[in-house]
Amino acid sequence: MTALPDWLEPLPDAAEQRSLDQWAIEQLGIAGVELMERAGAGLAAAVSERVPDGLVVAVCGKGNNGGDGFVAVRLLREQGRDVRVLALASPDEYAGDARVNLERLPGPPAEPFAADRLEGAAVIIDAILGTGFKGVPREPAAGAIEAINAAGVEVVACDVPSGVNASTGEIEGVAVTAKATVTFHTGKPGLWIAPGKAHAGEVRIVDIGVAPGGPANPSIGLITASVLDRLPRRGRESTKFAAGSVLVCGGSTGLTGAPCLASEASMRAGAGYVTALIPASLNAIFETRLLEVMTVPLPDEGGSVTTDAVEVVSARLERADALVLGPGLGRSQDSLEAARQIAAGATLPILVDADGLNAHAGRLGALAARRAPTVLTPHAGELARLLDTASSEVSAHRLVSAREAARTADAVVVLKGDDTLVAHPDGRVAISPGGAAALATAGTGDVLSGVIGAFLAKAVDPFEAACAGVFVHACAGRMSAAQIGSEGVIASDVIDRLPAALKGQGD
């Protein structure tokens, strides 16, 4: 698999993290007990910072995660903090470095876990299950997790909230809901992918002295601001055509806003020339709204394009650099068939969204026959229709679903959400840092389509274009929230802030 680009912050999965730990011990000569000491010190520091007073209760499993917890307990007690230790195994079940640190505990010994011993805690340390966990937690871990969640106090998780799959973010049973997660050396995919992301809270990465490098070759990374360096910028000799020509094909009665937003977003994201291909009977609406965007009327019936539109669109494709297909297209049989024919015949990069995606429900593999780059931007419901499964299945298995769709369609798939995933057909996945709650409003998906379309028109690599678009879109959403308030943001506010986001402001 191709290595991650330098604008992605690597997020090793459980197997890759194990190989890094082994490499640090065997090749760098760092003893395992020393790695545990550094991890526990970082955990203790986070607990002290977040909840400086009151009883600390540490719930420790029998693996290395529990060992990290024992180190934190020892250091907190040495600082004079009142700490109660609840163990999920008997002392003779602990082994290796975890046993060493259990035996080093000063003060009261570890007690067997009991839910009532959580009472009085100001903060709970979750050190039950580590990054190697997957599946459904068994007893006594499951009962401890439920008791921690019921306690109603702040929880700081060690490395990963117990019950969350650190590699995928999946949750198959119960899982701790933490206010903060202290993870070591690097972040983990499951801390950034839903539903695990919602359980992680604030993610803090602690340096435990493992040098960069090692045998791991992560396939998942977090998008950083340096992705913006991959975007070409206008120079003194640029023309509107050199800056990229985008076509936006969509619109129907009641859904004229979507292609307008996509078109305007393309312009704000740097496209030099944008043309909206829209139903002829609705042309006056678009002529009135779109001052900087050209319009081309398409044959339609009752406000929905017909298959006669395919010939008109095909002629326009010859003079464009990218096509955004689907915003507001509607779901008449003719419009869906038109979308399928346009996608199949287009020989330029296309972004397929909204009803362009619905046109391919259950037919995802047909897109693999395309001869030019394809980017798909579904939300969970749309991806479920593409994969012929339930939306709940996609939401529970977001990483797997995005990768499957990318492989099947031989396309870059942008699975939208606060944890937007950008999946490449070769298995690489980029994750948005998110934090843009203001984007949870109608029309912002059309804005994202327009932004990525503009980057595709500049001949940016499709994976890079999608990742840059996701990053800029989220930045513009955060900027809008900061200036207006999350509840009042509308899609056009996000468009207005795209130029500032492109300059790296608000990242």
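What counts and what doesn't
Residue numbering note: each chain is counted from 1, following its sequence as written. Whole-chain, interface and lining totals are the exception, using all residues; otherwise, since this is a predicted model, local features are given only for residues with pLDDT of at least 70 and side-chain atom pairs are given and counted only at 80 or more. No hydrogens and no water enter the side-chain calculation; it runs on all heavy atoms of the structure. A pair of strands is labelled paired if DSSP reports no fewer than 2 bridges between them. We count a stretch as a helix when DSSP gives it H or I for four or more residues in a row; a strand needs E for two or more, and each element gets its number in order from the N terminus. Residue contacts are counted whenever heavy atoms from the two residues lie within 4.5 Å of one another. All axes are obtained by fitting lines to C-alpha atoms, using only the stretch in contact for helices, and the reported angles, taken between N-to-C directions, cover 0 to 180 degrees. Per-residue accessibility, obtained with a 1.4 Å probe over protein chains only, is compared with the maximum for each type, and a residue is labelled buried under 20%, exposed over 50%, and partly exposed between these values. Here a crossover is taken to be right-handed if, once the strands point away from the viewer, the path from the first strand over the helix to the second is traced clockwise. Put simply, a disulfide is two cysteine sulfurs that come within 2.5 Å. Oblique is the label for any angle not covered by the other classes, which are roughly parallel (under 35 degrees), roughly antiparallel (over 145) and roughly perpendicular (65 to 115). We call a crossing left-handed when the near helix sits turned anticlockwise from the far one by less than a right angle, and right-handed when that turn is clockwise. Three categories are distinguished: nonpolar for Ala, Val, Leu, Ile, Met, Phe, Trp, Tyr, Cys and Pro, charged for Asp, Glu, Lys and Arg, and polar for the others, with Gly belonging to the last. Residues enter a patch when their relative accessible area is above 30% and they make no salt bridge; the linking distance is 9 Å between like charges and 5 Å between nonpolar side chains (Val, Leu, Ile, Met, Phe, Trp, Tyr). Note on areas: these come from Shrake-Rupley sampling with a 1.4 Å probe, and a residue is covered only by the protein chains present in the view. What counts as a salt bridge is simple: a side-chain nitrogen of Lys or Arg found within 4 Å of a carboxyl oxygen of Asp or Glu. Counting rule applied: Lys, Arg positive; Asp, Glu negative; His and chain ends not counted. Taken as the charge location is NZ of Lys, CZ of Arg, CG of Asp or CD of Glu.

Asker: Can you walk me through the sheet that holds strand 3 (residues 83–87) in this structure?
Answerer: The strands that make up a sheet pair up through hydrogen bonds in the backbone, lying either parallel or antiparallel. With respect to topology, seven strands assemble into an open sheet ordered 4-3-2-5-6-7-8, the strand pairing being parallel. Two strands in the sheet have a free side with no partner beyond their single neighbour: strand 4 (111–112) and strand 8 (202–206). Looking at chain direction, strand 3 and strand 4 are connected through two bridges and run parallel. The partner of Leu-86 across the bridge, within strand 4, is Glu-111. With respect to the sheet, helix 3 (residues 64–78) is in contact with strand 2 (55–60), strand 3, strand 5 (121–127), strand 6 (154–158) and strand 7 (180–184), its orientation differing from that of strand 3 by roughly 160 degrees.

Asker: How should I be thinking about the pairing of strand 3 in this particular structure?
Answerer: Remember that side chains alternate between the two faces of the sheet whenever the strand is regular. Counting buried residues along strand 3, five of its five residues qualify, which places the element largely inside the surrounding structure. Burial along strand 3 is two-sided: Val-83, Val-85 and Ala-87 and Arg-84 and Leu-86, pointing in opposite directions, are all buried. Sheet analysis places strand 2 next to strand 3, joined by five bridges and oriented parallel. When the bridges of strand 3 are listed, Val-56 appears paired with Val-83. Taken together, strand 2, helix 3 and strand 3 constitute a β-α-β crossover, and its handedness is right-handed. Following the chain from strand 3 across helix 4 (residues 96–103) to the adjacent parallel strand 4, one finds a crossover that is right-handed.

Asker: For this particular structure, what's the right way to read the state of the cysteines?
Answerer: Two cysteines joined by a covalent bond between their sulfur atoms form a disulfide. Under the definition given, this model contains zero disulfides. The thiol of Cys-249 is not disulfide-bonded; the next cysteine sulfur, from Cys-260, is found 13 Å away. Summary of cysteine pairing: Cys-475 is not part of a disulfide, and the nearest cysteine sulfur, belonging to Cys-467, is at 13 Å.

Asker: Which parts of the structure should I look at to understand the packing of helix 15 (residues 444–457) against helix 16 (residues 462–484)?
Answerer: Two measures define how a pair of helices packs: the angle their axes make with one another and the distance between the axes. Viewed as axis vectors pointing N to C, helix 15 and helix 16 meet at an angle of 140 degrees, and their least axial separation amounts to 8 Å. The angle between helix 15 and helix 16 places the two elements in the oblique class. The two elements helix 15 and helix 16 cross, and the hand of that crossing is right-handed. For the pair helix 15 and helix 16, contact is made by Thr-444, Val-447, Leu-448, Val-451, Ile-452, Phe-455 and Leu-456 and by Pro-462, Ala-465, Ala-466, Ala-468, Gly-469, Val-470, Val-472 and His-473, respectively. Looking at the contact of helix 15 with helix 16, its residues break down into twelve nonpolar, three polar and no charged.

Asker: Before we go on, may I ask you to explain a negative patch on the surface in this structure?
Answerer: Taken together, Glu-301, Asp-308, Glu-311 and Asp-334 make up a surface patch of like negative charges. Tracing the chain through its elements places Asp-334 in helix 10 (residues 333–345). Residue class for Asp-334 comes out partly exposed when judged on its relative accessible area of 34%.

Asker: Help me understand the pattern of salt bridges, please; the structure alone is not making it clear to me.
Answerer: If you walk through the whole model with that rule in mind, you get 18 salt bridges. Ionic pairing is found between Glu-37 and Arg-74, a salt bridge with its closest N-O pair at 2.5 Å. Separated by 37 residues along the polypeptide, Glu-37 in helix 2 (residues 32–50) and Arg-74 in helix 3 bring together distant segments of the chain. The salt bridge partner of Arg-204 is Glu-49, with a shortest N-O separation of 2.9 Å. With Arg-204 in strand 8 and Glu-49 in helix 2, the pair connects residues that are 155 residues apart, well separated along the chain. By relative accessible area, which is 57% here, Glu-49 ends up exposed. Through salt bridges with shared partners, a single ionic network connects Glu-37, Arg-74 and Arg-104.

Asker: What exactly am I supposed to notice about the sheet that holds strand 15 (residues 322–325) here?
Answerer: On the basis of which strands lie adjacent, the open sheet formed by eleven strands has the order 1-9-20-19-18-17-16-15-10-11-12 and mixed pairing. The strands lining the two open edges of the sheet, one partner per strand, are strand 1 (8–10) and strand 12 (294–298). Pairs of neighbouring strands in the sheet enclose a mean axial angle of 20 degrees, with direction left out of account. Where strand 19 (residues 421–423) lies against strand 20 (residues 429–431), three bridges are found, and the strand directions are antiparallel. Bridge pairing links Val-422 to Ala-430 in strand 20. Running over the sheet, helix 7 (residues 257–268) touches strand 10 (245–249) and strand 11 (273–279) and is turned about 175 degrees from strand 11.

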